[in-house]
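For reference, the chains in residue letters:
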Amino acid sequence: MQEQFFSVTHATPVNVIPMPGDFHLPTLEALEAELPEPFRIASSITSIDIVTSRLMRNQNESMHDLVEIVNQQSRKIDMIMGYVLSVQDHPEHRFHTLRFSAGQLTYLHPHQGHGEPPHLHQIVRLKIFLREEASAIYCYAQVKQLEPSEHGTHVLLDYVRIREDDRELLVRASLHVQSKQLKLRAQDRQR
């Protein structure tokens, strides 16, 4: 049974690569070993950014200019990482999420242009591109549900092999998306 995590409705690019029927799910150690280098670097940068932002929040107001300089440097690194990760995004495997959380995601597999959707219980390799976080996640998931729709098939995937740091990144990303959505709703109500 998959743990329940808060999910958000949000379109983010995801590569879905179906694995053959005799595929054996890698161990966490094997997943770590096969992780493409750009994903490893992005994960390390995200971890450093979290520590840096905690340290900066603990400084007093007189450090405002230094905080702004560090934030500008971080944005430059994010732009470079965004480009590096975009090379890992392959159009022939690209879909967009309808919803995602730290436990599962749903994407639309259109009727045309991408062949047949994966079958129920099939294992897929995922590359989840979190552009707002300047990061990406490489993991494995299993098809939990297929639901036909007017525009294609909604495919619900449960993550079955994911690094804990990546799960935490998905938690943060979903909270950031929710925060932005709530701010936009508040602005719309004020108009």
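Residues numbered from 1 in each chain as written. Predicted model: local features only at pLDDT ≥ 70, side-chain atom pairs only at ≥ 80, totals over all residues. Heavy atoms only, no water.

An unreviewed UniProt entry lists the protein chain under the name PilZ domain-containing protein, with Aeromonas popoffii given as the organism.

Caption draft 1: Highlighting the pairing of strand S2 (residues 13-18). Counted residue by residue, S2 has five buried out of six residues, so it is predominantly covered. Relative to strand S3 (residues 94-100), S2 runs antiparallel, the two being bridged by three bridges. Paired with Pro13 across the two strands is His96, which belongs to S3. Two strands pair when backbone bridges link them, and S2 and strand S5 (residues 123-130) are joined in this way by five bridges, in the antiparallel orientation. Residue pairing across strands places Pro18 opposite Val124, the latter belonging to S5. (Buried < 20%, exposed > 50% of the residue type's maximum accessible area, 1.4 Å probe, protein only. Helix = DSSP H or I, 4+ residues; strand = E, 2+ residues; numbered from the N terminus. Pairing = 2+ DSSP bridges.)

Caption draft 2: Structural context of the environment of Leu157. Mapped onto the elements, Leu157 comes out in strand S7 (residues 152-161). Leave out the neighbours within four places in its chain, and Leu157 touches Gly103, Gln104, Leu105, Tyr107, Val124, Leu126, Ala141, Gln142, Val143 and Lys144. (Contact = heavy atoms within 4.5 Å.)

Caption draft 3: Up close: the environment of Val160. Within the element layout of this structure, Val160 appears in strand S7. Each C-alpha atom, one on Val160 and one on Ile123, is 8.5 Å from the other, the two residues being 37 residues apart in sequence. Once residues within four sequence positions are removed from consideration, Val160 is found in contact with Leu25, Ile123, Tyr140, Ala141 and Gln142.

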